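Per-entry structural report
Spelled out, the chains give:
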Amino acid sequence: MSRTVPTKRMPQRTTPRPVPVPPARLRAATVALWLLVASSIFFLPDAFVRWFLPKDALAACAVVLASLAVARGRLPRWFVAAASAALAIALVSVLISAAPGVQLMGRWPRYEGLVTLPVYLGAVWAGARLLGPAAPADTVRTLVRAIAAAAIVLGLVSLLEAFGARPIATDLARPGSLTGNATDQGVLGALFCAMLILPVLRAFARPRSAAVAERVWLSAALLLATATVIVSASRAGLLGAATVLGILLILEIVRSTGPQRLRLVGLAALAGVVLVGGALAVPFTRSRLLGTSPLSTQSLEGRFTFWRDAAAVLVEHPLGVGVSGFLNANARNSTSESVLDSPHNWVLQVLLAGGIPLLVVVVGLLAIATALGVRSWRHLVVPAATGRVAAASLQADAARRDILAGALAALVGFGVALFTHFTAPSTTIVAALLLGVLVAHAPEGGFRHRLRSRSHRVAATTGRTIFLGVWSIWLMVLVSAEFPLAAGVANAARGEIAAAERAFDAAYAIRPWDADLAGIAAQSFAAAADARVPGAAALAVDWAERSRAALGDTVSTERALAVGQFANGDAPGAATTLAALVELAPNDAAIAVQNAIVLYTNGDSVGANREVLRALKLDPRNDTAVQLQEILRTD
């Protein structure tokens, strides 16, 4: 009699159900992306400097929200290591600089030290976290929609300014729309174009009945982004936009077949005609492109002067002068028209911040990021979809592929534009966000994943978010100093010295480390003292002494000190200050004239005549020097 042996049932392998994501965390990701993009065009109308610190503070708030959102990616270890090495080199260069305390925080107006650089790094981290390989298609679409909205707002203000309207009060010939600088305006427009071109092409490739509103919205955004580049009259912006167009054409040709490639070349040629034709059709832009505008020729020649001066500084300081150290280090080489806080070239800017070691690390980081970004883009091949889940995955891959292509084009265009420009929050925050997208790895494998218990992971996330929240609040407090600072400058200009002093004291209480803030107060009181406003001279001296205690050898502060001393009746003290200042900035004609006046007042006609002749040699059209020369001749 046979016996039936019951078969042992093997456990079935089931696909784990996706963990539901709380809606609040999804909303946090959406708001974070909108705020990061919006920070590029955000400004505070009543702030002393409307364009920089407010953008930093808004971007910091976005980073806090990114910390609360679900991780869709992470920064790879190699990137963290390279970025840490770059920061270490920059820190060493700052610590051996002439003013380590001030340079560590950053110099006015961009404060690219501990104030602004963490914002850029935070934007990179947020880009990797929110738009990594695990990001759904909806999140990618959120980025595109946010960029489209920003491009429309930026473009509308740009067109208003191009037609002579001034929606934002300014006395500049090229106001710069919502960035405050015309080159930033053009470069930001080029970055927006890079991220909008492929979504517009995909929108028109769909059936005409599908997503008509989205097609119109994205097309309008792309047209306005292009208009922004054109009316900015920025050659760096136009060059960046042309680079973007070329990179996207190459990437699309690589992934397309023969007939499609001809169509793409035709579309690219049409886009190029629109860009160049639009630039030539706008009179001001045309004059700058063709070099018929005196301002165009002057700015082009100025770039070569900046680079030559920067090279001279590097010869004297082969390890660099530290972050934000160029302004003072360049005083000896500069004239009053070309004293800048940046050499207008990103390679020179990196060399000045940390020498060749920093340049090697930064260039290596960017090269690896580009290579890995291209590899990630090539690996996102779209096979035939089978099933709803597969279709959703393929949709996300297709969206991410276009975002990677746009990020590659945008970053290359940004790098090309920065060969003649400098970093600023209006452009660098968006570029940093896209760099994070480019280098992002899958979210698994990071520090949080290695924490075994869920409670440890929650604690790590909570601690990180609290830290970022405190940091963002600190930045907002720093921004609040801009309002009393603006009031102080305005009151001093009106001769309301007591009110100006109270306002400057309030601003300095918020940013006591800011030697440039004290220098601005000194310059404001010096201008009032020059206008013979009672009480202004002593305050000019006081605020100048506060500034130079933390940051010596600043030309503008030393000039304010000399004016205050002279107006306060201390002509010998002014002569001593100016004697040192002449050595500090020997190519500044205005300082030579100021020194001549003080020497003449002190009875040194020979010295005054010598300084007048030197001023006229530096600037033959200096009216004050010409008048003083006539006085000396008849004396």
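So, how was this worked out
- Residues numbered from 1 in each chain as written.
- Predicted model: local features only at pLDDT ≥ 70, side-chain atom pairs only at ≥ 80, totals over all residues.
- Heavy atoms only, no water.
- Helix = DSSP H or I, 4+ residues; strand = E, 2+ residues; numbered from the N terminus.
- Rg over C-alpha atoms; globule rule 2.2 N^0.38 Å.
- Buried < 20%, exposed > 50% of the residue type's maximum accessible area, 1.4 Å probe, protein only.
- Contact = heavy atoms within 4.5 Å.
- Areas by Shrake-Rupley, 256 points an atom, 1.4 Å probe, with all protein chains shown as cover.
- Lys, Arg positive; Asp, Glu negative; His and termini not counted.
- Charge placed at Lys NZ, Arg CZ, Asp CG, Glu CD.
- Phe/Tyr/Trp six-rings, centres within 6.5 Å; stacked < 30°, edge-to-face > 60°.
- Lys NZ or Arg CZ within 6 Å of the ring centre and 35° of its normal.

What follows deals with the overall build of the protein. A count of helices and strands for the protein gives 27 helices and zero strands. On C-alpha atoms alone, the protein measures out to a radius of gyration of 28 Å, which is about the 26 Å that the 2.2 N^0.38 rule sets for 635 residues. Looking at the protein residue by residue over its 635 residues, the buried ones come to 52%. Expressed as a percentage of contacts within the protein between residues at least 6 apart in sequence, the contacts between residues at least 24 apart total 73%. With the model as given, the accessible surface of the protein reaches about 29400 Å², and the carbon-plus-sulfur share is 65%. In the protein, which carries 55 positive and 37 negative side-chain charges, the distance between the mean positions of the two groups comes to 24 Å.

A few words now on unusual backbone geometry. Omega for the peptide link from Trp108 to Pro109 comes to 5°, which places this bond in the cis form. Among the structural elements, Pro109 can be located in the loop between α4 (100–105) and α5 (117–130). Of note in the backbone geometry, Tyr111 takes a positive phi value of approximately 50° without being a glycine. Its location among the elements puts Tyr111 in the loop between α4 and α5. Residue Tyr111 is classed as buried on the basis of its relative accessible area, which comes to 1%. Positive phi values are uncommon outside glycine, yet Arg532 reaches one of about 65°. Turning to its location among the elements, Arg532 is positioned in the loop between α21 (515–530) and α22 (536–550).

Attention now goes to the packing of aromatic side chains. Per the stated rule, a full pass over the model turns up nine aromatic pairs. Ring geometry for Trp78 against Phe79: centres 5.7 Å apart, planes inclined by 80°, an arrangement best described as edge-to-face. Taking 5.3 Å as the distance between ring centres and 75° as the angle between the ring planes, the aromatic pair formed by Phe304 and Trp307 counts as edge-to-face. In this pair, Phe304 and Trp307 are both assigned in helix α12 (residues 294–316), three residues apart and thus about one turn of the helix distant. Each residue in the set Phe504, Tyr508, Phe525 and Trp543 is aromatic and connected to the rest through ring pairs, giving one cluster. Over the face of the ring belonging to Phe204 we find Arg215, whose NZ or CZ atom lies 5.3 Å from the ring centre. The residue whose ring lies beneath Arg546 is Trp543, and the NZ or CZ to ring-centre distance is 3.8 Å.

Any link to function would need more than the numbers given here.
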